[in-house]
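Per-entry structural report
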Number of protein chains: 2
Amino acid sequence: MNSDIKELLKKSQLSVTASREKILQLFLEQEGALAHGDIEKKAGEKFDRVTVYRTLQTFVEKGIIHTIPTSDNSIRYALCKDDCASGHHHDHHVHFVCNECNNTFCLDDVVTPTIKLPSGYSQEHIEVVVKGVCKHCS
Amino acid sequence: MNSDIKELLKKSQLSVTASREKILQLFLEQEGALAHGDIEKKAGEKFDRVTVYRTLQTFVEKGIIHTIPTSDNSIRYALCKDDCASGHHHDHHVHFVCNECNNTFCLDDVVTPTIKLPSGYSQEHIEVVVKGVCKHCS
DNA sequence: AGGATAAAAGCAACGCTGTTGCAAAAAATA
DNA sequence: TATTTTTTGCAACAGCGTTGCTTTTATCCT
Ligand SMILES: [Mn+2]
Ligand SMILES: [Mn+2]
Ligand SMILES: [Zn+2]
Ligand SMILES: [Zn+2]
């Protein structure tokens, strides 16, 4: 299990460091998404704030995690389960935010719909965030 | 035109003040959405930063403007053209972010689709943000 | 219109967030 | 193991967003 983490880092051409292992582990043992603040609370005593920022940024660039837009000035991050590669993400799934537990989940099996846009607009990417009550809270 | 602004404020049970008039005017003469920073640049020399924050917050509460989620820690705001009331918004349209001009637009005529969720999840609200090239830039 | 009352704006201060440059430490490489 | 490269931690900083309090402004009532 721990070697899985090392392997994933190496596969992404990243050197294996304690902070990267720890932060990646947090994502693996977490069902929902994590905001920067969450990670800092769970791993921040061990690592510097700046390291967390840089690690998240690196993971996004390498296609290990992806961002989820929010309406409250706090980006959330979640593991890419699709085959995202360095520089190019392929996460086309819907995200769910629970109004009860306030968790954010990737609905990996729910693909984003195609939207018919007015003429002149071209669609390159689409983000869908559904709010409601999650399966754990209902 | 200026009386329109006063009327809208009164209709929302808000006292008519210089800052509210000015900020509301900015939204009316703007096609796309505005971030807090934009408003501060355009009206910030006349009004305090705090006033801008409080005005935006009030406008959202009163159903005059709505927020648009982003992936870059900067909420954007746009006029509600639907019949949003105090406390309850009814904006069910798609938002568009242009990768060229970096503007955000409300596609008021494009309604958000219904998403089939896994069992256990209930849908209360849905946000759809499409990224691509807008009609002005294509 | 003028005064009383309620509401909003401005000010100051503060904590939190995210960034940058640089030196020290750790990991990869040979 | 020694060298090179990469990452981390530290310090400092700017900007964001919030809060309490005072002053100013708008509304309401006479
Ligand atoms: Mn996801
Ligand atoms: Mn809109
Ligand atoms: Zn929940
Ligand atoms: Zn454009």
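First, a word on what this report is: a plain description of the structure on this page. Only a predicted model underlies this, so the values are computations on that prediction, with no experimental measurement involved.

1. Comments concerning the interface of chain A and chain B
- On the chain B side, the residues contacting the 37 residues of chain A number 37 residues.
- Both faces considered, chain A and chain B share a buried interface measuring about 3000 Å² in area, 60% of it formed by carbon and sulfur atoms.
- The three residues of chain A that bury the most area against chain B are A:Ser71, A:Asn73 and A:Tyr121, which together make up 19% of that side's buried surface.
- Taken together, the connections running from chain A to chain B amount to 0 salt bridges.
- Our enumeration of links across chain A and chain B arrives at 17 residue pairs in polar contact (both at pLDDT 80 or more).
- Those elements that place two or more of their residues in the side of chain A that touches chain B are β4 (93-98), β5 (104-111) and β6 (122-133) of chain A.
- In terms of residue count, the dominant contributor to the side of chain A that touches chain B is β6(A) (12 residues).
- The pairing of β6(A) with strand β6 (residues 122-133) of chain B spans 11 bridges and is antiparallel.

2. Looking at the coordination of the manganese ion (ligand 2)
Residue and element names in this part refer to chain B.
- Protein coordination at the manganese ion (ligand 2): the donors are His66 (NE2), His93 (NE2), His95 (NE2) and Cys106 (SG), at 2.0 to 2.3 Å from the metal.
- Sequence positions of the residues that donate to the manganese ion (ligand 2) give the spacing H-x26-H-x1-H-x10-C. Here His93, found in strand β4 (residues 93-98), pairs with Cys106, found in strand β5 (residues 104-111); they are 13 residues apart in sequence, far enough to count as distant. A single burial state applies to His93 and to Cys106, both of which are buried.

3. Notes on the coordination of the zinc ion (ligand 4)
Residue and element names in this part refer to chain B.
- Within the protein, the zinc ion (ligand 4) binds to Cys98 (SG), Cys101 (SG), Cys134 (SG) and Cys137 (SG); these donor distances fall in the range 2.2 to 2.4 Å.
- Coordination at the zinc ion (ligand 4) is tetrahedral: its 4 donor atoms span angles of 103 to 118 degrees at the metal.
- Expressed as a motif, the donor residue spacing for the zinc ion (ligand 4) is C-x2-C-x32-C-x2-C.
- Residue classification places Cys101 among the partly exposed positions, given a relative accessible area of 31%.

4. A closer look at the environment of A:Val128
- Following the sequence through the fold, A:Val128 ends up in strand β6.
- A C-alpha to C-alpha distance of 8.5 Å links A:Val128 and A:Phe96, two positions 32 residues apart in sequence.
- Residues within four places of A:Val128 in sequence aside, it is in contact with A:Val94, A:His95, A:Thr112, A:Pro113, B:Ile115, B:Ile126, B:Glu127 and B:Val128.

5. Examining the relation of the copies chain A and chain B
- When chain A is fitted onto chain B, the two copies agree to an RMSD of 0.1 Å after a turn of 180 degrees and an axial shift of 0.0 Å. The superposition of one copy onto the other is thereby described by a two-fold rotation axis.
- Of the residues that chain A buries at the interface, 100% are likewise interface residues in chain B, meaning the two copies contact each other through the same surface.

6. Description of the protein's contact with DNA strand D
- Around DNA strand D, a shell composed of 18 residues is seen, among which A:Thr17, A:Ser19, A:Thr51, A:Arg54 and A:Asn73 lie nearest.
- Taken together, the sugar and phosphate atoms account for 63% of what DNA strand D places within 4 Å of the protein.
- Between a phosphate oxygen of DNA strand D and a side-chain N or O atom of A:Ser19, the distance comes to 2.3 Å.
- Of all the secondary structure elements, the ones that give two or more residues to the surface near DNA strand D are α2 (18-28) and α4 (49-61) of chain A together with α4 (49-61) of chain B.
- Of the residues that constitute the surface near DNA strand D, the class distribution is 5 nonpolar, 7 polar and 6 charged.

7. Brief notes about unusual backbone geometry
- A positive phi is found at A:Asn73, a non-glycine position, where the angle reads about 55 degrees.
- Take A:Asn73: it is sitting in the loop between β2 (65-68) and β3 (76-79).
- Within the chain, B:Asn102 stands out as a residue other than glycine whose phi angle is a positive 65 degrees.
- Structurally, B:Asn102 is set in the loop between β4 and β5.

8. A closer look at the protein's contact with DNA strand C
- Around DNA strand C sit 18 residues, and of these A:Val16, B:Ser19, B:Thr51, B:Arg54 and B:Asn73 come closest.
- Backbone atoms, meaning sugar plus phosphate, form 65% of the atoms of DNA strand C positioned within 4 Å of the protein.
- B:Thr51 is positioned such that a nitrogen or oxygen atom in its side chain is 2.7 Å from a phosphate oxygen of DNA strand C.
- Here B:Arg54 contributes a side-chain N or O atom positioned 2.6 Å from a base oxygen of DNA strand C.
- Put simply, the parts of the chain that give the surface near DNA strand C at least two residues each are α4 of chain A together with α2 (18-28) and α4 of chain B.
- Broken down by element, the surface near DNA strand C gets its largest block of residues, 4 residues, from α4(A).
- Here the residues of the surface near DNA strand C sort into 5 nonpolar, 7 polar and 6 charged.

About the thresholds
- Residues numbered from 1 in each chain as written.
- Chains lettered and ligands numbered in written order.
- Predicted model: local features only at pLDDT ≥ 70, side-chain atom pairs only at ≥ 80, totals over all residues.
- Heavy atoms only, no water.
- Contact = heavy atoms within 4.5 Å.
- Buried area = accessible area lost by both parts, 1.4 Å probe.
- Salt bridge = Lys/Arg side-chain N within 4 Å of Asp/Glu carboxyl O.
- Polar contact = N/O pair within 3.5 Å; in protein donor to acceptor, adjacent residues only side chain to side chain.
- Helix = DSSP H or I, 4+ residues; strand = E, 2+ residues; numbered from the N terminus.
- Pairing = 2+ DSSP bridges.
- Donors = N, O, S within 2.8 Å, 3.2 Å for Na, K, Ca; no water.
- Buried < 20%, exposed > 50% of the residue type's maximum accessible area, 1.4 Å probe, protein only.
- Tetrahedral: all angles 85-135°; square planar, octahedral: opposite > 155°, others 65-115°.
- Least-squares fit on C-alpha atoms with pLDDT ≥ 70 in both.
- Near = heavy atom within 4 Å.
- Nonpolar A, V, L, I, M, F, W, Y, C, P; charged D, E, K, R; others polar.

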